[in-house]
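What the coordinates show
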2 protein chains.
Amino acid sequence: MPDHPSTGPDMRFRRLRKKGSRDFELACGIIDAARICHVGFSLGQQPYVLPMAHARDGESLLLHGSIASRLMKSLADGLNCCVTVTHLDGLVVARSAFNSSMHYRSVMIFGRATAVTGMDEKKRGLEILTEHLIPGRLAEVRASTRKELNATTLLALPIREFTVKVSNAPPDDAVADLDSPVWAGVIPFALKAGTPEAAPDLKKQIPLPAYLAKKLFR
Amino acid sequence: MPDHPSTGPDMRFRRLRKKGSRDFELACGIIDAARICHVGFSLGQQPYVLPMAHARDGESLLLHGSIASRLMKSLADGLNCCVTVTHLDGLVVARSAFNSSMHYRSVMIFGRATAVTGMDEKKRGLEILTEHLIPGRLAEVRASTRKELNATTLLALPIREFTVKVSNAPPDDAVADLDSPVWAGVIPFALKAGTPEAAPDLKKQIPLPAYLAKKLFR
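Here we summarise the structure given alongside this text.

The rules behind each value
Residues numbered from 1 in each chain as written. Chains lettered and ligands numbered in written order. Predicted model: local features only at pLDDT ≥ 70, side-chain atom pairs only at ≥ 80, totals over all residues. Heavy atoms only, no water. Helix = DSSP H or I, 4+ residues; strand = E, 2+ residues; numbered from the N terminus. Contact = heavy atoms within 4.5 Å. Areas by Shrake-Rupley, 256 points an atom, 1.4 Å probe, with all protein chains shown as cover. Pairing = 2+ DSSP bridges. Buried < 20%, exposed > 50% of the residue type's maximum accessible area, 1.4 Å probe, protein only. Buried area = accessible area lost by both parts, 1.4 Å probe. Salt bridge = Lys/Arg side-chain N within 4 Å of Asp/Glu carboxyl O. Polar contact = N/O pair within 3.5 Å; in protein donor to acceptor, adjacent residues only side chain to side chain. Nonpolar A, V, L, I, M, F, W, Y, C, P; charged D, E, K, R; others polar. Arc of directions from axis to C-beta. Least-squares fit on C-alpha atoms with pLDDT ≥ 70 in both.

With respect to the overall build of chain A
Along the backbone of chain A there are five helices and eleven strands. Sequence separation of at least 24 residues holds for 76% of the intrachain contacts in chain A that already meet a minimum separation of 6. Summed over its atoms, the accessible surface of chain A is roughly 9,300 Å², and 53% of this surface lies on carbon and sulfur atoms.

Below you can see the structure in the form of structure tokens.
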């Protein structure tokens, strides 16, 4: 953070990464550990960045939205996009503000999405989304109806061109600051699930299922 | 999430919000509760979305980076950008995958940043960043040197044109699903600070300061 931060993945190093590579495995781990991403695109000269839910199906990132969404339509039409997944893992508290920074893991994926239109494929993709977002839910929830499937746009973005950046080192202070009397170290952060809150209209005899009772995050 | 998600702030409703308005106060609360944002912009036809640390100075969002960063230079030159701050607050577990969604708070700010070049202003802005990112740190850490200030670009983006979206309602199921035997409700999420980890080269007699010992997140 302060003064001289990392500004995230370095855009000068945009390059093609091979699936099956170590970078690809690393990217998948970062993507799979998150439920939301930020989708960037431009309409005319105006950039937009929208938070969206995601899941991964092998070498594709899946996004979904209402069939009525102008954004989904633009993305399905092949608008260039950049999808970024970020975990803020901690604050690096160095002896100087200048050398303080953050622990994070981030993936930027570049490319164009395509709409998944085959009904079976779409159903399967939406099930992957459901299961990624609420692990265990798919086995219990009713199947989506044809009407629901028709009301939904499912997009697949190839995880082919991407960059990964992981910052996880301890403070790296200037030698002249090492005798400073201030504490230095890392404050770790993690997204944690709290106590589930039943819907106001939930029938009292329906218990919280085991898959929701366990911690959804590490 | 599943099937028919909210896809974040609706870009059709991009409009000017007045500072001092209820929306402005809401936006500031969302911005102030976060330490990172996602900065979107396009170079040529390629959009980029980068995670960056931020802080707020009244009606401006502050971003900072290395003077050597091409991104910081492009932003300082007046590149159109969109900065989005998002908190994932929970999973809305509805009786159907289709009606399941997420609790979140999100602000999208549109505009052009300007570089803060006056040395006193820059020093003040970077101090605001330090204190926002690590509350309590500023009083203890040494002042930035002239060399450090010169190595840093500080940007200010007016919080003038923005949209806010807050999703915090319980599951909204179709009437036909209300007799479903499955649990429905919300799993809340929050970013939590863990146990501070001292730097490997920290002198043993330096204790963890009180401002870092307390929980940095709610």
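Let's talk about the sheet that holds strand β7 (residues 114–115) of chain A
Residues and elements named next belong to chain A. Read across the sheet, four strands follow the order β3-β4-β8-β7 without closing on themselves; strand pairing throughout is antiparallel. Of all strands in the sheet, those bounded by a partner on one side alone are β3 (55–57) and β7. Across three bridges, the pairing between β3 and strand β4 (residues 60–66) is antiparallel. By the bridge assignment, Asp57 is partnered in β4 with Ser60.

As for the pairing of strand β10 (residues 185–193) of chain A
Most of β10(A) sits inside the fold, with seven of its nine residues counted as buried. When strand β5 (residues 80–93) of chain A meets β10(A), the two strands line up antiparallel, connected through four bridges. Bridged to Val93(A) within β10(A) is Gly185(A). For β10(A) and strand β11 (residues 197–198) of chain B, the ladder comprises two bridges, and the chain directions are antiparallel.

Topic: the interface of chain A and chain B
Counting residues at the interface gives 101 residues for chain A and 101 residues for chain B. In total, about 8,700 Å² of surface goes out of reach between chain A and chain B, with carbon and sulfur atoms giving 65% of it. Connecting chain A to chain B are six salt bridges. A salt bridge links Asp201(A) to Arg95(B), with the nearest nitrogen and oxygen atoms 3.2 Å apart. Scanning the region where chain A abuts chain B turns up 28 residue pairs in polar contact (both at pLDDT 80 or more). Ranked by residue count, the leading element in the side of chain A that touches chain B is β10(A), at nine residues. Looking at the side of chain A that touches chain B, its residues break down into 60 nonpolar, 25 polar and 16 charged.

As for helix α1 (residues 22–32) of chain A
All names here are of chain A. Within α1 the residues assigned to the buried category are Phe24, Ala27, Cys28, Ile30 and Ile31. Down the axis of α1, the buried side of the element spans an arc of 165°, and every buried residue falls inside it. In this fold, the buried residues of α1 make contact with β3, β4, β5, β6 (101–112), α3 (119–133) and β9 (161–167).

Some remarks on the side chain of Asn80(B)
Residue placement: Asn80(B) occurs in strand β5 (residues 80–93). Sequence-distant contacts of Asn80(B), defined by excluding residues within four places in its chain, comprise Gln45(A), Pro47(A), Gly40(B), Phe41(B), Gly111(B) and Arg112(B).

Some details on the relation of the copies chain A and chain B
For the match of chain A to chain B, the screw axis carries a shift of 0.0 Å, the RMSD comes to 0.0 Å, and the turn is 180°. In symmetry terms, the pair is related by a two-fold rotation axis. Across chain A, the smallest distance between a C-alpha and the rotation axis is recorded for Leu191(A), namely 2.0 Å. The share of interface residues of chain A whose copies in chain B are also at the interface is 100%, consistent with both copies meeting through the same surface.

Digging into the sheet that holds strand β8 (residues 152–158) of chain B
Spatially, the four strands line up as an open sheet ordered β3-β4-β8-β7 (chain B), and their pairing is antiparallel. Edge positions in the open sheet fall to β3 (55–57) and β7 (114–115) of chain B, since each of these has one partner strand only.

Some thoughts on the environment of Asp201(A)
Among the secondary structure elements, Asp201(A) is positioned in the loop between β11 (197–198) and α5 (210–213). For Asp201(A), the contacting residues outside a window of four places in its chain are Arg95(B) and Leu178(B). One polar contact links Asp201(A) to Arg95(B), side chain to side chain, over a distance of 3.2 Å.

A look at the pattern of salt bridges
Here the structure, examined in full by the defined rule, presents 22 salt bridges over all chains. Among the salt bridges present, the one from Asp173(B) reaches Arg95(B), with a minimum N-O distance of 3.0 Å. Of this pair, Asp173(B) sits in the loop between β9 (161–167) and β10 (185–193) while Arg95(B) sits in the loop between β5 and β6 (101–112), and the two are 78 residues apart along the sequence. For the pair shown, Asp173(B) and Arg95(B) are each scored as buried. Connected through shared salt-bridge partners, Arg95(A), Asp173(A) and Asp201(B) make up one network.

A look at the environment of Gly194(B)
Looking at the secondary structure, you find Gly194(B) in the loop between β10 and β11. Distance in space between the C-alpha atoms of Gly194(B) and Ala213(B) is 9.8 Å, their sequence separation being 19 residues. Each residue touching Gly194(B), except ones within four places of it in the same chain, is listed here: Ile187(A) and Pro188(A).

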